[in-house]
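Now for the letters of each chain:
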Amino acid sequence: EVQLVESGGGLVQPGGSLRLSCAASGFTFSLHVMSWVRQAPGKGLEWVSGISGAGGSTSYADSVKGRFTISRDNAKNTLYLQMNSLKPEDTAVYYCAKPDLGYWGQGTQVTVSS
C-alpha cells in the first residue's frame, strides 16, 4: 500500500520559515520524480516544486522560486520542502504527491499570519 505522510506544517509569522517532510512507503521512492502541491483556501491545486528521483534536478513555481528548496533523502524515503521568507499568500494545505500515479498524502496545513 502506497503511503505519503506529511508533517511539519503550522502557524508562522510572515518572514518566518518552516520545513515540511513527507515519509513515503509502498513503492520504490528513489525511482520517482516527486512533487509538492498546495491548495490555498477557496482556490485550486497549485504545483509548487518537483525533484528528480536521484535529486539532481529540481524545479519551482515562479511564486516560490528563491524562497523554497525541495530535497530528498532516498535512504530514508523522505521528501522535504524548506520554506523561507514565508508570505501570507503561502497559506495553504501542502501535499506531497506523485500526481501521475495518483499518489497523494493527506496534506499539512501551513498558515502564515501575524
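These numbers come from a predicted model, not from an experiment.

## Description of the side chain of Arg67
Piece 1. Here Arg67 shows up in the loop between β6 (58–60) and β7 (68–73).
Piece 2. Not counting the four nearest positions on each side in its chain, Arg67 is found in contact with Gln82, Met83, Asn84, Ser85, Leu86, Lys87 and Asp90.

## Observations regarding the pattern of salt bridges
Piece 1. According to the stated counting rule, one finds 5 salt bridges in the structure shown.
Piece 2. Residues Arg38 and Asp90 are paired through a salt bridge, measuring 3.0 Å at the closest nitrogen-oxygen approach. Here Arg38 is found in strand β4 (residues 34–39), whereas its partner Asp90 is found in the loop between β8 (78–83) and β9 (92–98), with 52 residues between them in sequence.
Piece 3. Owing to a relative accessible area of 5%, Arg38 belongs among the buried residues under this scheme.
Piece 4. A relative accessible area of 1% means that Asp90 is categorised as buried.
Piece 5. As a salt-bridge pair, Asp100 and Lys98 come within 3.3 Å of each other at their nearest N and O atoms.
Piece 6. Since its relative accessible area comes to 59%, Asp100 is described here as exposed.

Reading the values: the criteria
- Residues numbered from 1 in each chain as written.
- Predicted model: local features only at pLDDT ≥ 70, side-chain atom pairs only at ≥ 80, totals over all residues.
- Heavy atoms only, no water.
- Helix = DSSP H or I, 4+ residues; strand = E, 2+ residues; numbered from the N terminus.
- Contact = heavy atoms within 4.5 Å.
- Salt bridge = Lys/Arg side-chain N within 4 Å of Asp/Glu carboxyl O.
- Buried < 20%, exposed > 50% of the residue type's maximum accessible area, 1.4 Å probe, protein only.

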